[in-house]
Amino acid sequence: LDDDPVLGDRTKAKVAIVEFSDYECPYCKRFHADTFDTLVKEYVQTGKAVISFRDYPLSFHDPKATLEAGLAECVRKEKGDTAYFAFGKSLFATTVANGKGLPEGTLNGLITKVGAKPATVTACAETEAVKQEIAKDMADATKVGVTGTPSFIIGTLDAQGNVTGERIVGAQSVAGFKATIDKYLAK
């Protein structure tokens, strides 16, 4: 785990689910609509696992994908990890996807809904620091073999935040994720 947002308690969890994702990816949107909440309920809220989100905006979804990744990073800077995940959930639920972005006039409402200030978040998203954070996530994704979204690294989590496991590609079923997570919980 890097310095990226984490949902759950890193000090207690045995397993980490590291998601490399793109807010404009229709398959990522499907994962968040169909599977994410179940994994949070069954593994994160029970203390068995954490979920970390890493940015991997695909070039053919730009400029919307990178902009949305930057906005989410800046919501996190202003309001923390819980707001980050709530904002991300709203992005996935609201986006038209495939690089088309959010419906006109909805962005400020999504930012305000998590308690952040639209002007602050929007200005932050254009900073070089945020662009570098996204680039670092993308470089780390490449190092572990990620070539598309969504992709996940699921495995055991050590005290230093290292994850030893395997890569899962695509918006798999809940059962598919459970089989992999349970395998690492049993180790």
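Everything here concerns the structure above.
Residues numbered from 1 in each chain as written. Predicted model: local features only at pLDDT ≥ 70, side-chain atom pairs only at ≥ 80, totals over all residues. Heavy atoms only, no water.

J.: Outline the overall build of the protein, supporting the account with residue identities and numerical values.
T.: Within the protein one finds eight helices and five strands. Written out in order from the N terminus, the α and β elements of the protein read β-β-α-α-β-α-α-α-α-α-β-β-α. By principal-axis analysis of the C-alpha atoms, the protein measures approximately 45 × 30 × 30 Å. Within the protein, the proportion of its 187 residues that are buried is 48%. The long-range share in the protein, meaning contacts at least 24 apart out of those at least 6 apart in sequence, stands at 73%. Total accessible area computed for the protein in this model is approximately 8,600 Å², and 54% of it derives from carbon and sulfur atoms. The average position of the 23 basic charges and that of the 25 acidic charges among the side chains of the protein differ by 5 Å. (Helix = DSSP H or I, 4+ residues; strand = E, 2+ residues; numbered from the N terminus. Buried < 20%, exposed > 50% of the residue type's maximum accessible area, 1.4 Å probe, protein only. Contact = heavy atoms within 4.5 Å. Areas by Shrake-Rupley, 256 points an atom, 1.4 Å probe, with all protein chains shown as cover. Lys, Arg positive; Asp, Glu negative; His and termini not counted. Charge placed at Lys NZ, Arg CZ, Asp CG, Glu CD.)

J.: Give a detailed account of the packing of helix α3 (residues 64-79) against helix α4 (residues 81-94), specifying residues and quantitative values.
T.: Where α3 meets α4, the closest approach of the two axes is 7 Å, and the angle between their N-to-C directions is 150 degrees. Here α4 runs roughly antiparallel to α3, going by the angle between their axes. The interaxial crossing formed by α3 with α4 has right-handed handedness. Contacts from Glu68, Leu71, Ala72, Glu73, Val75, Arg76 and Lys79 of α3 reach α4 at Asp81, Ala83, Tyr84, Phe87 and Leu91. Partitioned by chemical class, the residues of the contact of α3 with α4 number seven nonpolar, no polar and five charged. (Axes fitted to C-alpha atoms, helices over the stretch in contact; angles between N-to-C directions. Parallel < 35°, antiparallel > 145°, perpendicular 65-115°, else oblique. Left-handed = near helix turned anticlockwise from the far one by under 90°. Nonpolar A, V, L, I, M, F, W, Y, C, P; charged D, E, K, R; others polar.)

J.: If you had to explain the environment of threonine 122 to someone new, which residues and values would you point to?
T.: Checked against the element boundaries, threonine 122 lands in helix α6 (residues 118-125). On a C-alpha basis, the gap between threonine 122 and leucine 107 in space is 9.7 Å, while along the polypeptide they are 15 residues apart. In contact with threonine 122, not counting residues within four places along its chain, are Leu71 and Ile111.

J.: Residues and numbers for the packing of aromatic side chains, please.
T.: A complete count under the given rule lists ten aromatic pairs for this structure. Ring geometry for phenylalanine 31 versus phenylalanine 177: centroids 5.3 Å apart, planes at 50 degrees, classification tilted. One end of the pair, phenylalanine 31, is in helix α1 (residues 26-34); the other, phenylalanine 177, is in helix α8 (residues 174-185), and 146 residues separate them in sequence. Of the residues examined, phenylalanine 31 reaches a relative accessible area of 2% and is grouped as buried. For the pair phenylalanine 36 and phenylalanine 85, a centre-to-centre distance of 6.4 Å together with 20 degrees between the ring planes defines the contact as stacked. Placement of phenylalanine 36 in helix α2 (residues 36-44) and of phenylalanine 85 in helix α4 is noted, with a sequence separation of 49 residues between them. One aromatic cluster is present, formed by Tyr23, Phe31, Phe36, Phe53, Tyr84, Phe85, Phe92, Phe152 and Phe177 through successive ring pairs. (Phe/Tyr/Trp six-rings, centres within 6.5 Å; stacked < 30°, edge-to-face > 60°.)

J.: How would you explain the state of the cysteines if you had to name every residue and give the values?
T.: Enumeration over the complete set of coordinates arrives at one disulfide. Residue pairing for cysteine 74: its cysteine sulfur links by disulfide to cysteine 124, the two sulfurs lying 2.1 Å apart. Here the disulfide of cysteine 74 and cysteine 124 is left-handed, its torsion about the S-S bond being about -75 degrees. You can see cysteine 74 sitting in helix α3 and its partner cysteine 124 sitting in helix α6, a full 50 residues away along the chain. (Disulfide = S-S within 2.5 Å.)

J.: Tell me about α6, residues and numbers included.
T.: Within the sequence span of α6, burial applies to Val121, Cys124 and Ala125. Angular distribution of buried residues about the axis of α6 spans 100 degrees; they occupy a single face of the element. In this structure, the buried residues of α6 make contact with α3, α5 (107-113) and α7 (128-143). (Arc of directions from axis to C-beta.)

J.: Account for the nonpolar core, naming residues and giving values.
T.: Across soluble globular proteins, nonpolar side chains show a tendency to be buried alongside one another. Counting 43 residues, the largest nonpolar core has Phe87, Ile154, Phe177 and Ile181 as its most contacted members. Broken down by element, the residue count for this core peaks at six residues, all from α4. Ignoring sequence-local partners within four residues, the contact set of isoleucine 154 consists of Val15, Ala16, Ile17, Val163, Gly165, Glu166, Ile168, Phe177, Thr180, Ile181 and Tyr184. Core analysis: the next-biggest nonpolar cluster, separate from the first, contains seven residues, Val18, Phe20, Tyr56 and Ala141 among them. (Core = buried A, V, L, I, M, F, W, Y, C linked by side-chain atoms within 4.5 Å.)

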